[in-house]
Amino acid sequence: MTETTKSFAGLEKSATAPAPATDDRSRPVHVQKIDAHGRAYATGKRKNAVARVWVKPGVGKITINDRDHETYFARPVLQMILKQPLVTANRASQYDIIATVSGGGLSGQAGAVRHGLSKALTYYEPELRAVLKKEGFLTRDPRVVERKKYGKAKARRSFQFSKR
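Residues numbered from 1 in each chain as written. Predicted model: local features only at pLDDT ≥ 70, side-chain atom pairs only at ≥ 80, totals over all residues. Heavy atoms only, no water.

1. Section: the packing of helix α3 (residues 76-88) against helix α4 (residues 106-124)
Put simply, α3 and α4 touch, their axes get as near as 8 Å, and they point 10° apart. With respect to their mutual orientation, α3 and α4 come out roughly parallel. Every residue of α4 that contacts α3 at Leu78, Ile81, Leu82, Gln84, Pro85 and Leu86 is listed here: Leu106, Ser107, Ala110, Gly111, Val113, Arg114, Leu117, Ser118 and Leu121. Grouping the amino acids of the contact of α3 with α4 by side-chain chemistry returns 10 nonpolar, 4 polar and 1 charged. (Axes fitted to C-alpha atoms, helices over the stretch in contact; angles between N-to-C directions. Helix = DSSP H or I, 4+ residues; strand = E, 2+ residues; numbered from the N terminus. Parallel < 35°, antiparallel > 145°, perpendicular 65-115°, else oblique. Contact = heavy atoms within 4.5 Å. Nonpolar A, V, L, I, M, F, W, Y, C, P; charged D, E, K, R; others polar.)

In C-alpha cells, the structure reads:
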C-alpha cells in the first residue's frame, strides 16, 4: 500500500526515489515489415499521383501498371528519378519492383513511385532508412496545385484590366 505523507518532512523523504536516466531515451525501433509472399508494401504520393509499390528479392525488374518501366516512363529523366533510391542504396539489381500508379501526370507519378519505393525499401531493409532519409526520399513533397479562385482567370491571375 502507498503511504500518505502528512508533513513536508515526510514529503522530502518520499521524493528520494531514483529519477529515470536521461541517456536511456528509446528511439523508435524500425522492424522489417514483410507480407506472407515475402514482399514489402508501401504507398507513395506526389502532387495528385498515388503509387502502390511492392518490393521483393529478384533480378532488378521494374514493372509499372503491368508494363516495363522503360516503356511507361519513356523520358530518361523520369527513369532516373524512379531509380534514385535503388542507386543511392546500392541495391539496383537485387529487388523486383511492382507498382501501380494512378492520378496526376507522368512527373508526379514518377515522384510517387520513388517515394513509395523508398518507403518499401525501408520496410524490407530497415538499416537503409538513414541513407534514404538523408537524401530526402522518405519525405512526402507537400506541394500541390493551387485551386482556381472565382473572379480570377487562374489561381492568382486576374483578367486584363481596361479603363474603358
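2. Regarding α3
Relative to the 18 Å expected for 13 residues at 1.5 Å per residue, α3 spans 17 Å between its end C-alpha atoms, a close match to the ideal helical length. The sharpest bend along α3 measures roughly 40° and falls at Leu82, with the proline Pro85 sitting one to four residues further on. Taken as a whole, α3 has its buried residues at Leu78, Gln79, Ile81, Leu82, Pro85 and Leu86. Where α3 terminates, the next one or two residues include Asn90, which has phi positive at roughly 55°. (Expected span 1.5 Å × (residues − 1). Bend = angle between axes of the 7 residues up to and from the residue. Buried < 20%, exposed > 50% of the residue type's maximum accessible area, 1.4 Å probe, protein only.)

3. Section: the pattern of salt bridges
Here the structure, examined in full by the defined rule, presents 6 salt bridges. The salt bridge involving Glu125 is made with Arg91; its shortest N-O contact spans 2.8 Å. Here Glu125 is found in the loop between α4 and α5 (129-135), whereas its partner Arg91 is found in the loop between α3 and β5 (95-102), with 34 residues between them in sequence. Assigned by exposure class, Glu125 and Arg91 land together as buried. With a shortest N-O distance of 2.8 Å, Arg143 and Asp141 are connected by a salt bridge. Put simply, Arg46, Asp141 and Arg143 are held in one network by salt bridges that share partners. (Salt bridge = Lys/Arg side-chain N within 4 Å of Asp/Glu carboxyl O.)

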